[in-house]
Amino acid sequence: MNNLLPLMQREWLQHRFAWAMLVLVPLALAVLPLTFGQVEFDGDVTSRAGPDLALMVALISMIMTTAVLFLIFWITSVFIAVATPRRDHGDRSIEFWMSMPTGHTASLVVPMVVHLLLVPAAALLVGFLSSFAVSLVLVTRFESLAGWFALPWGQLLGAGLSVVARVIAGLPMATLWLLPVLLLAMLSNALFKRWGLPVLAVALGVGGSVLAQVFGQPWLLQSLGRLFTEAAVALVGASGQGLSVNANEDPMALLQSLPSWAVADWWAAVQQLAAPAFPVVLLVSAALMAALVLWRQRGAGHSA
């Protein structure tokens, strides 16, 4: 583990300022307009929510804030992870990392773990904590500061943490389902530099369309769709029950049901790993990782 820490510390030192901005800028853009701008709900929604309006506003704002920050970090992390194979070659820093007691596989895998698992998980926790500030502003606008303090925080915290834990527990499964696409993007970036993603997008899009329209073989597009679908439900919705909040539901009943829903939804996602397609995903991922390691070995010490 001590040999891997420098690789993890490198990611922190290189990206900590950008990560801080990804939290502070969206939060400021959300809080300032909500504080000084005009915020309105549809009259029908307000009347149906009744005395639970403050709770519904707090719940929606917390879910939205956490989800938005998670998506921002996850999308950003995917692009950073895709670019990691190439970044050590342009400035010849690969020669330094070869002098460290870590192999080529670790140099590729550790940044992927940091950006695809650790950073999104941290974003969920930071987003959940940041959502308190957004809910404070919104509830105070619609009710009062006393109304925000009077919210059932025990149930809110329990429900929120259960949902956050559910998504964090689903991150490894979602990443494994998407791993062939991610590794293929990394390999394309390694081979074609800045043109890697456009080349891959055209190859998959045109190739899938030609196979489907000309040869009547839609397996490529269907496989890509299957991977993204499985990854999405690995995060939330594997049980067939999504996460939604509306004025027709009792917010307190929803809060009380979320912990049991999170456990059931996670277990349904785990069961999806028994699908026949999952071993194929792992085999393809292993082959692509081997190709990446081979490319890095052959390119070590050469500027590209």
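Residues numbered from 1 in each chain as written. Predicted model: local features only at pLDDT ≥ 70, side-chain atom pairs only at ≥ 80, totals over all residues. Heavy atoms only, no water.

Visitor: Even after reading the chapter, I still don't get the overall build of the chain, so can you show me in this structure?
Guide: If you tally the helices and strands in the chain, you get 11 helices and 0 strands. Each helix and strand of the chain, ordered N terminal to C terminal, gives the series α-α-α-α-α-α-α-α-α-α-α. Within the span of the chain, comprising 304 residues, buried residues form 42% of the whole. Put simply, 84% of the contacts in the chain that link residues at least 6 apart link residues at least 24 apart. Carbon and sulfur atoms form 71% of the exposed surface of the chain, whose accessible area is close to 15,500 Å². (Helix = DSSP H or I, 4+ residues; strand = E, 2+ residues; numbered from the N terminus. Buried < 20%, exposed > 50% of the residue type's maximum accessible area, 1.4 Å probe, protein only. Contact = heavy atoms within 4.5 Å. Areas by Shrake-Rupley, 256 points an atom, 1.4 Å probe, with all protein chains shown as cover.)

Visitor: How should I be thinking about the pattern of salt bridges in this particular structure?
Guide: A side chain of one charge can pair with a side chain of the opposite charge if their charged atoms are brought near each other. With the rule as written, the count across this model stands at 2 salt bridges. Measuring nitrogen to oxygen at the nearest pair gives 2.9 Å for the salt bridge that ties Asp265 to Arg166. Taken together, the residues Asp265 in helix α10 (residues 251-272) and Arg166 in helix α7 (residues 153-192) connect sequence positions 99 residues apart. With a closest N to O distance of 2.8 Å, Glu230 and Arg226 form a salt bridge. Taken as a pair, Glu230 and Arg226 lie in helix α9 (residues 219-235) at a separation of 4 residues, close to a single helical turn. (Salt bridge = Lys/Arg side-chain N within 4 Å of Asp/Glu carboxyl O.)

Visitor: Teacher, can you tell me more about the nonpolar core here?
Guide: A general tendency of soluble globular proteins is for nonpolar side chains to be buried together. One finds Leu151, Leu156, Trp177 and Leu183 to be the most contacted residues of the largest nonpolar core, which totals 68 residues. Within the residue set of this core, elements represented by two or more residues are α1 (5-36), α3 (53-90), α5 (104-142), α7, α9, α10 and α11 (277-299). The biggest single contributor to this core is α7, with 19 residues. The contacts of Leu156, once residues within four sequence positions are left out, are Leu55, Leu59, Met62, Leu151 and Leu255. Counting residues in hydrophobic clusters, the runner-up holds 10 residues, among them Leu7, Phe73, Val114 and Ala123. (Core = buried A, V, L, I, M, F, W, Y, C linked by side-chain atoms within 4.5 Å.)

Visitor: Can you walk me through α5 in this structure?
Guide: Think of an α-helix as 3.6 residues a turn; residues three or four steps apart then line up on the same face. Taking 1.5 Å per residue, 39 residues should reach 57 Å; α5 reaches 55 Å between its end C-alpha atoms and fits that length. Along α5, the sharpest kink reaches roughly 30°, centred on Val114. (Expected span 1.5 Å × (residues − 1). Bend = angle between axes of the 7 residues up to and from the residue.)

Visitor: Any chance you could explain unusual backbone geometry here in plain terms?
Guide: What you tend to see is this: most non-glycine residues have negative phi, and most peptide bonds are trans. In the Ramachandran plot, Lys193 falls in the positive-phi region, its phi being about 55° despite a non-glycine side chain. Tracing the backbone shows Lys193 in the loop between α7 and α8 (196-213). Given the relative accessible area of 41%, Lys193 is considered partly exposed.

Visitor: Whenever I open this one, the packing of aromatic side chains confuses me. Can you help?
Guide: The description of an aromatic ring pair rests on the distance of the ring centres and on the angle between the ring planes. Here the structure, examined in full by the defined rule, presents 7 aromatic pairs. Ring centres 5.6 Å apart and planes at 40° place the aromatic pair Phe132 and Trp153 in the tilted group. Taken as a pair, Phe132 in helix α5 and Trp153 in helix α7 lie far apart in primary sequence, 21 residues in all. Across the pair, exposure class does not vary: Phe132 and Trp153 are buried alike. Taken together, the ring pairs connect Phe128, Phe132, Trp148, Phe149 and Trp153 into an aromatic cluster. (Phe/Tyr/Trp six-rings, centres within 6.5 Å; stacked < 30°, edge-to-face > 60°.)

Visitor: Where do I start with the packing of α5 against α7 in this structure?
Guide: Helix-helix packing is characterised by the crossing angle of the two axes and by the distance between the axes. As a packed pair, α5 and α7 sit with axes 9 Å apart at the nearest point and diverge in direction by 150°. Classified by the interaxial angle, the pair formed by α5 and α7 is roughly antiparallel. Two packed elements cross with a definite hand, and for α5 against α7 that hand is right-handed. (Axes fitted to C-alpha atoms, helices over the stretch in contact; angles between N-to-C directions. Parallel < 35°, antiparallel > 145°, perpendicular 65-115°, else oblique. Left-handed = near helix turned anticlockwise from the far one by under 90°.)

Visitor: Would you explain the packing of α7 against α9 in this entry?
Guide: Viewed as axis vectors pointing N to C, α7 and α9 meet at an angle of 170°, and their least axial separation amounts to 7 Å. On the basis of the axis angle, α7 is roughly antiparallel to α9. Contacts between α7 and α9 pair Arg166, Val167, Gly170, Leu171, Met173, Ala174, Trp177, Leu178 and Val181 from the former with Leu224, Leu227, Phe228, Glu230, Ala231, Val233, Ala234 and Leu235 from the latter. Looking at the contact of α7 with α9 residue by residue, the classes come out as 14 nonpolar, 1 polar and 2 charged. (Nonpolar A, V, L, I, M, F, W, Y, C, P; charged D, E, K, R; others polar.)

Visitor: I tried to follow the confidence of the model for the chain on my own but got confused; where do I start?
Guide: Caution is warranted with low-pLDDT regions, since their predicted coordinates should not be read in detail. The share of residues in the chain with pLDDT of 70 or more is 86%, and the mean pLDDT across the chain is 86. Here helix α2 (residues 43-49) stands out as the element of the chain with the lowest mean pLDDT, 49, in contrast to α7, whose mean of 94 is the highest. The low-confidence segment residues 45-50 (pLDDT under 50) makes 7 contacts with residues lying over four places distant or belonging to another chain. (pLDDT = per-residue confidence, 0-100.)

Visitor: Would you mind showing me how to read the environment of Ala269 here?
Guide: Note on placement: Ala269 falls in helix α10. Distance from Ala269 to Gly170, taken between C-alpha atoms, is 7.4 Å for residues 99 residues apart in sequence. Residues in contact with Ala269, not counting those within four places in the same chain, are Arg166, Met173, Val233, Ala234 and Ala238.

Visitor: How should I be thinking about α7 in this particular structure?
Guide: For α7, the principal kink sits at Leu178 and spans about 55°; a proline, Pro180, occurs within the next four residues. One or two positions beyond α7, positive phi appears at Lys193, with a value near 55°.

Visitor: Honestly, the environment of Asp88 in this entry has me stumped. Any pointers?
Guide: Mapping Asp88 onto the fold places it in helix α3. Once the C-alpha coordinates of Asp88 and Arg296 are considered, the two residues, 208 residues apart in sequence, prove to be 9.5 Å apart.

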